[in-house]
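Report on the structure
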Amino acid sequence: MAALKMAALLLLFTALILLRGSFVRSQGLQVGFYDSYCPDAEDIVRSTVEQYYDKDATIAPGLLRLHFHDCFVQGCDGSVLIAGASSERSAPQNFGLRGFEVIDDAKSQLEAVCPGVVSCADILALAARDAVDLTGGPSWSVPLGRRDGRVSLASGANALPSPADPVSVQRQKFADQGLSDHDLVTLVGAHTIGQTDCQFFSYRLYNFTATGNPDPTISQASLQQLRALCPPNGGDPSRRVALDRDTPGAFDVSFFKNVRDGNAVLESDQRLWSDAATQGAVQKYAGNVRGLLGLRFAYEFPKAMVRMGSVAVKTGGQGEIRRRCSRIN
């Protein structure tokens, strides 16, 4: 009889836990979402990112870009992680994406201790936050509870901003995600630790708009430096170049100073200075006294990341929790 009562109590306790889990999951994203189901989840992701960062610090911008590219296509649902001939991951716009092995490693560890609990989309959001923190940028509490999408199509990558996009196109692509001009400038500030390939900007150095001349908005100092890194003939088109020439490994406001002074590498970044609305935000972040307004960027960036990380998320009974991030269950 006592054994039956104990069994009944255990069943009741389990039912209450499941009911609580169902209730919490129905409320959308929440800070501390995994505290009851997988309390070590955030620590496992953090330690994994640290291990890879200690070996190669350039993995930090890779993880940040991975989260960004995920959220701009069908929302933040981990769909960019799915491998396949026609998946998002295979799209030309996602050429050079890095960090998949970090996410896969963290997922394997989490599956070992909390099988079927932590989504790949949430791992991406946490890894992006940890990457920023490790490079000296701000940290923030990440609302969690995303579920993984079951669809990943290369055609969806057309929603991603391009290095050659004018501000009007950038503005529309961000607006399509419910993000403002202020969010646009703030999130592009992630390029403070970013890298790109010569092939994505070398046209600015030698034959801008088919004139045979360089982009007139590039400063002479940057033009000479970039031409040395990316020669017109015989160079490596996939050579990686820092988007912030002054402090490429530090998450700071140097990137905005470069945009202001004509030292941006990507055309899309430099164009932020030519538009009245975005120029004001760039100027505020760049400031006039070294470091004075860096704290403002450090304050605004986490808020913009939380907004971006909430775009078209799947929660509750939507989507799934993938067992492996690279394929649908």
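Cut-offs used in this document
Residues numbered from 1 in each chain as written. Predicted model: local features only at pLDDT ≥ 70, side-chain atom pairs only at ≥ 80, totals over all residues. Heavy atoms only, no water. Helix = DSSP H or I, 4+ residues; strand = E, 2+ residues; numbered from the N terminus. Buried < 20%, exposed > 50% of the residue type's maximum accessible area, 1.4 Å probe, protein only. Areas by Shrake-Rupley, 256 points an atom, 1.4 Å probe, with all protein chains shown as cover. Disulfide = S-S within 2.5 Å. Phe/Tyr/Trp six-rings, centres within 6.5 Å; stacked < 30°, edge-to-face > 60°. Contact = heavy atoms within 4.5 Å. Core = buried A, V, L, I, M, F, W, Y, C linked by side-chain atoms within 4.5 Å. UniProt positions renumbered as here; feature names shortened; annotations may be inferred. pLDDT = per-residue confidence, 0-100. Axes fitted to C-alpha atoms, helices over the stretch in contact; angles between N-to-C directions. Left-handed = near helix turned anticlockwise from the far one by under 90°.

**Description of the overall build of the chain**
Along the chain, the regular secondary structure elements total 13 helices and two strands. When burial is assessed residue by residue, the chain has 48% of its 329 residues classed as buried. By element, 57% of the accessible surface of the chain is carried by carbon and sulfur atoms, the whole surface being about 14800 Å².

**Overview of the state of the cysteines**
For the coordinates displayed, the defined rule picks out four disulfides. The side chain of Cys71 participates in a disulfide bridge whose partner is Cys76; the two sulfur atoms lie 2.0 Å from each other. Here the disulfide of Cys71 and Cys76 is right-handed, its torsion about the S-S bond being about 120°. For Cys71, a relative accessible area of 0% gives the class buried. A sulfur-sulfur separation of 2.1 Å characterises the disulfide bridge that pairs Cys120 with Cys325. On the sign convention where negative means left-handed, the S-S torsion of about -95° between Cys120 and Cys325 marks this disulfide as left-handed. With Cys120 in helix H5 (residues 120-134) and Cys325 in the segment after helix H13 (294-308), this pair connects stretches of sequence that are 205 residues apart. For Cys325, a relative accessible area of 2% gives the class buried. For the chain, numbering the cysteines in disulfides from first to last along the sequence yields the connectivity 1-4, 2-3, 5-8, 6-7.

**Considering the packing of aromatic side chains**
Per the stated rule, a full pass over the model turns up 15 aromatic pairs. Look at Tyr203 and Phe208: their rings are 6.4 Å apart centre to centre, the planes differ by 15°, and that puts the pair in the stacked class. Here a set of aromatic residues connected by ring pairs shows up, and it is made of Trp140, Phe251, Phe255, Phe256, Tyr285, Phe297 and Phe301.

**A look at helix H7 (residues 181-188)**
For H7, the buried fraction is high: six of the eight residues fall into the buried class. Looking only at H7, the buried set comprises Asp183, Leu184, Val185, Thr186, Leu187 and Val188.

**Quick look at the environment of Val313**
One can find Val313 in the segment after H13. Counting along the chain gives 164 residues from Val313 to Gly149, while the straight-line C-alpha distance between them is 9.0 Å. In contact with Val313, other than residues within four places in its own chain, are Leu29, Cys76, Arg146 and Gln318.

**Quick word on the nonpolar core**
Membership of the largest hydrophobic core comes to 71 residues, with the highest contact counts inside it found for Tyr34, Leu64, Leu81, Ile103, Phe256 and Phe301. With nine residues, the top contributor of residues to this core is H5. Ignoring any residue separated from it by four or fewer positions in sequence, one finds Tyr34 in contact with Pro39, Ala41, Val117, Val118, Ser119, Asp122, Leu144, Gly145 and Arg146. Formed by 11 residues, the second largest nonpolar core is a distinct cluster that contains Leu205, Leu223, Leu226 and Leu266.

**Points about the UniProt feature "binding site: heme b" (unreviewed entry) in the chain**
The UniProt record annotates "binding site: heme b" (unreviewed entry) at His191. Among the residues examined, His191 registers a relative accessible area of 23% and is labelled partly exposed. If we skip the residues at most four places from it in the chain, His191 touches Leu243, Asp244, Phe255, Leu266 and Asp269.

**Some details on the confidence of the model for the chain**
Scored by pLDDT, the chain comes out at a mean of 90, with 89% of its residues at no less than 70. This stretch, residues 3-27, has a pLDDT under 50; its non-local contacts, to residues over four places away or in other chains, come to 11 contacts.

**Examining the side chain of Lys107**
Along the chain, Lys107 falls in helix H4 (residues 100-113). For Lys107, a relative accessible area of 2% corresponds to the buried category. If we skip the residues at most four places from it in the chain, Lys107 touches Val118, Cys120, Ile123, Ile321, Arg322, Arg323 and Cys325.

**Quick notes on the packing of helix H2 (residues 41-55) against H4**
Viewed as axis vectors pointing N to C, H2 and H4 meet at an angle of 145°, and their least axial separation amounts to 9 Å. The handedness of the crossing between H2 and H4 comes out as right-handed. Contacts between H2 and H4 involve Ala41, Ile44, Val45, Thr48, Val49 and Tyr52 from the former and Glu101, Val102, Asp105, Ala106, Gln109, Leu110 and Val113 from the latter.

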